Amino acid sequence: MTDAAHADWTAIPNRTLITVSVMLATIMQALDSTIANVALPHIQSTLAATQDEAAWVLTSYIVAAAVMYPLTGWLANAYGRREVFLISVVLFVVASALCGAAASLPQLVLFRVLQGVGGAALVPLSQAILFEINAPKDYGRAMSIWGIGATLAPMLGPVLGGWLTDNYSWRWVFYINLPIGMLAFLGLFLSLPKGRRHSSARFDFFGFASLSLAVASFQLMLDRGQTLDWFSSREITFEAIVAALSFYVFLVHMLSSDKPFVTPALFRDRNYVAANIFLFLIGIVLFATLALLPPLLQTKMNYPVVLAGLVIAPRGLGTIAGMFLVGRLVPRFDARIIMAIGMGLTAYSLWLMTRYSLLMDTGPVIIAGVFQGAGIGAVNVCLSTVAFVTLPARLRNEGTAISNLIRNIGAAIGISVLVFLLTQNIQRMHASLAGHVTAYNMTANAAAASAHIDVTTAKGLMMLDRLITDQGTMVAYIDDFRLMMILTLLTIPFLLLFRRSKPQNA
């Protein structure tokens, strides 16, 4: 679709069918980013793999998608957005079928790489297409629709994955993509207009190679760091050095080349840069919370996988409500005010999460989740709108790809850092609490007595140690939630970086 087509958006037919088909593709890709996590133990036992080997099922997908994100913009410009989107859907569906039929771990890892390659283009191009087929005044509503799929699907992934694995097989977490992908392909094939190729788009191989190496090394470092004890491992140290050097080379090349792989003009747009900073931070809060809550509910509250998912699911309802409401408010109110309210709701939800305890029921989790979903939903709609409304249409393919890469990197950093802090704090709190359990501490003795623990027996001492571990773990989770609350509050003043501008169509 050309810039001219964007300017004459009223001439685009089948807008509803395009929107539905694009959303199906977005949901399919976003769902796959989390649905396989709960099936990992079953995959491990079926394919006779160790825990470290089975982790490559997740790592291979993440790294492949991260490498392909920056390439999406160039491919869409060079070969046409319609063609790239349709091929990506086909590749993702075929790779999903192959993943489900994999007979060994190497096969599954290879097919997950193909799945990541196919899925990388779906989210950024779906976002760009919705901008192209809607009037500037409807950007907020379009991004609210897009955001529902992009943020709700990862939340539902563990629930659906757990249900499919328990009732059928882990292979169905991949087969579920087939009907969704076929419907998305058919709808897009019939409705999405053909776009003009930019023959002048020259491929900068050196820029692509240096950025890909930086992103792949960084993602590997984050994904494997916790398992390998971070920088005490030579592998992690090597990956960190390669990532830093490659990114430095990429920056120098981008600023000095005549036609670099990533267009520097993207970062001359103040709103685009500010929005990406916020997307990075939102990625930390959104995905880190999703990573922390299920283990807390399943290991310390003894919730089954499906029940844990159902307790977290109302967060998605909050997201839907926030996005629909804000989608209608964006054209009328200053987006900075709406984002400040959204960040405030998110911070409030994290404060509620610092009140969690091992004795709570499902109510606090549901209430905090609804507030957090509404807050993050409101911020996401505004960010997606403000980031691209002033960006020239010719840069939107590339801009959406880079934005999704930045958000995913933020998510990867947030999950890695907070899980690391959680592990360290559990050990620290266990040592601190255990140091206060003495014959002279009346509070500790009363707690042990109330739990019917006989500390004069080996079994009683084991039960006491478990009680201390549980309490220390809960304190460590609360510390992580408090850290995210502080980070959220500290980002609110940076909303002043945004400026109100009229949309650009060229």
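Worth saying up front: this structure is predicted, and the values here are computed from it rather than measured.

Here's the deal with the overall build of the protein chain
Then comes step 1: The helix and strand inventory of the protein chain stands at 21 helices and 0 strands.
Then comes step 2: A burial count over the protein chain gives 54% of its 506 residues as buried.
Then comes step 3: Residue pairs at least 24 apart in sequence account for 84% of intrachain contacts in the protein chain once pairs closer than 6 positions are excluded.

Digging into empty space enclosed by the protein
Then comes step 1: Tallied over the entire structure, the rule returns 3 cavities of 30 Å³ or more.
Then comes step 2: In this model, the second largest cavity occupies a volume close to 70 Å³.
Then comes step 3: Forming the walls of the second largest cavity are Gln 127, Trp 146, Leu 279, Asn 380, Ser 384, Phe 388, Ser 403, Asn 404 and Arg 407.
Then comes step 4: At the level of elements, helix 18 (363-389) and helix 19 (396-434) are the ones that each hand at least two residues to the lining of the second largest cavity.
Then comes step 5: In the lining of the second largest cavity, the residues fall into 3 nonpolar, 5 polar and 1 charged.

So, the packing of aromatic side chains
Then comes step 1: Applying the stated criterion across every chain, the model contains 12 aromatic pairs.
Then comes step 2: For the ring pair Trp 163 and Tyr 168, a centre distance of 5.6 Å and an interplane angle of 70° mean the geometry is edge-to-face.
Then comes step 3: For Trp 163, a relative accessible area of 39% corresponds to the partly exposed category.
Then comes step 4: On the accessibility criterion, Tyr 168 (53% relative accessible area) is exposed.
Then comes step 5: Ring centres of Trp 170 and Phe 174 lie 6.3 Å apart, and the angle between their planes is 90°; on these two criteria the pair is classed as edge-to-face. The residues Trp 170 and Phe 174 share a single accessibility class, namely buried.
Then comes step 6: Pairwise contacts between aromatic rings join Trp 163, Tyr 168, Trp 172 and Tyr 175 into one cluster.

Comments concerning the packing of helix 14 (residues 270-300) against helix 18
Then comes step 1: Interhelical geometry of helix 14 versus helix 18 gives an angle of 155° and a closest axis separation of 10 Å. It follows that helix 14 is roughly antiparallel to helix 18 by the angle criterion. Considering how the two elements wind past one another, helix 14 and helix 18 form a crossing that is left-handed. Across the interface between the two elements, Asn 271, Tyr 272, Ala 275, Phe 278, Leu 279, Ile 282, Val 285, Leu 286, Thr 289 and Leu 297 from helix 14 touch Val 365, Gln 372, Ile 376, Val 379, Asn 380, Leu 383, Val 386, Ala 387 and Phe 388 from helix 18.
Then comes step 2: Of the residues assigned to the contact of helix 14 with helix 18, the class counts are 15 nonpolar, 4 polar and no charged.

Some words on helix 2 (residues 15-32)
Then comes step 1: Over its 18 residues, helix 2 extends 26 Å from the first C-alpha to the last, a length consistent with the 26 Å expected when each residue adds 1.5 Å.
Then comes step 2: Taken residue by residue, helix 2 has Ile 18, Thr 19, Ser 21, Val 22, Met 23, Ala 25, Thr 26, Met 28, Gln 29, Ala 30, Leu 31 and Asp 32 as its buried positions.

Some details on the nonpolar core
Then comes step 1: Among the nonpolar cores identified, the biggest contains 115 residues, and Phe 85, Val 262, Leu 297, Tyr 356, Leu 383, Phe 481 and Phe 498 are the most heavily contacted of them.
Then comes step 2: Looking at which element gives the most residues to this core, the answer is helix 14, with 15 residues.
Then comes step 3: Beyond its immediate sequence surroundings of up to four residues, Phe 481 is in contact with Leu 292, Leu 293, Leu 296, Leu 350, Met 353, Thr 354 and Tyr 356.
Then comes step 4: With 23 residues, the next largest nonpolar core counts Ala 30, Leu 31, Ala 39 and Ile 43 among its residues.

Overview of the pattern of salt bridges
Then comes step 1: Considering all chains together, one arrives at 2 salt bridges under this definition.
Then comes step 2: Between Asp 470 and Lys 300 there is a salt bridge, with its nearest N and O atoms 2.9 Å apart. Taken as a pair, Asp 470 in helix 21 (residues 458-491) and Lys 300 in helix 14 lie far apart in primary sequence, 170 residues in all.
Then comes step 3: A relative accessible area of 24% places Lys 300 in the partly exposed class.

Section: a nonpolar patch on the surface
Then comes step 1: Side chains of Leu 17, Leu 186, Phe 189 and Leu 190 sit close together on the surface and give an oily, nonpolar patch of about 400 Å² of accessible area.
Then comes step 2: For the nonpolar patch, the leading source of residues is helix 11 (residues 177-191), giving 3 residues.
Then comes step 3: Mapped onto the fold, Leu 190 is located in helix 11.

Quick look at the packing of helix 14 against helix 17 (residues 335-353)
Then comes step 1: The interhelical angle for the contact between helix 14 and helix 17, taken along N-to-C directions, is 30°, at an axis separation of 13 Å. Taken together, helix 14 and helix 17 sit at an angle that is classed as roughly parallel. Of the two elements, helix 14 crosses helix 17, and the hand of that crossing is left-handed. Contacts from Phe 278, Ile 282, Val 285, Thr 289 and Leu 293 of helix 14 reach helix 17 at Met 343, Thr 346, Leu 350 and Met 353.
Then comes step 2: Across the contact of helix 14 with helix 17, the residue classes tally to 7 nonpolar, 2 polar and no charged.

As for helix 15 (residues 305-312)
Each α-helix winds once per 3.6 residues, and so residues spaced three or four apart point in a common direction.
Then comes step 1: Residues Ala 308, Gly 309, Val 311 and Ile 312 constitute the buried set of helix 15. Down the axis of helix 15, the smallest arc covering the buried residues is 160°, so these residues share one side.

Focus: the environment of Phe 231
Then comes step 1: Secondary-structure assignment places Phe 231 in the loop between helix 12 (205-225) and helix 13 (234-256).
Then comes step 2: A sequence separation of 10 residues divides Phe 231 from Met 221, and the C-alpha atoms of the two residues are 9.4 Å apart.
Then comes step 3: In contact with Phe 231, not counting residues within four places along its chain, are Met 221, Ile 236, Thr 237 and Ala 240.

Quick look at the side chain of Thr 19
Then comes step 1: Inspection of the secondary structure assignment puts Thr 19 in helix 2.
Then comes step 2: When residues no more than four places from it in sequence are discounted, the contact partners of Thr 19 are Leu 130, Ile 133 and Ile 145.

So, unusual backbone geometry
Then comes step 1: Not every positive phi belongs to a glycine, and Asn 302 is a case in point at roughly 60°.
Then comes step 2: Take Asn 302: it is sitting in the loop between helix 14 and helix 15.
Then comes step 3: We classify Asn 302 as exposed; its relative accessible area is 58%.

Thresholds applied
- Residues numbered from 1 in each chain as written.
- Predicted model: local features only at pLDDT ≥ 70, side-chain atom pairs only at ≥ 80, totals over all residues.
- Heavy atoms only, no water.
- Helix = DSSP H or I, 4+ residues; strand = E, 2+ residues; numbered from the N terminus.
- Buried < 20%, exposed > 50% of the residue type's maximum accessible area, 1.4 Å probe, protein only.
- Contact = heavy atoms within 4.5 Å.
- 1 Å grid on protein atoms, 1.4 Å probe; cavity = no way out; pocket = protein on both sides within 12 Å on 5 of 7 lines; lining within 4 Å.
- Points joined across faces, edges and corners; volume = space filled by probe spheres on them.
- Nonpolar A, V, L, I, M, F, W, Y, C, P; charged D, E, K, R; others polar.
- Phe/Tyr/Trp six-rings, centres within 6.5 Å; stacked < 30°, edge-to-face > 60°.
- Axes fitted to C-alpha atoms, helices over the stretch in contact; angles between N-to-C directions.
- Parallel < 35°, antiparallel > 145°, perpendicular 65-115°, else oblique.
- Left-handed = near helix turned anticlockwise from the far one by under 90°.
- Expected span 1.5 Å × (residues − 1).
- Core = buried A, V, L, I, M, F, W, Y, C linked by side-chain atoms within 4.5 Å.
- Salt bridge = Lys/Arg side-chain N within 4 Å of Asp/Glu carboxyl O.
- Patch = residues over 30% accessible without salt bridge, like charges linked within 9 Å, V, L, I, M, F, W, Y side chains within 5 Å.
- Areas by Shrake-Rupley, 256 points an atom, 1.4 Å probe, with all protein chains shown as cover.
- Arc of directions from axis to C-beta.

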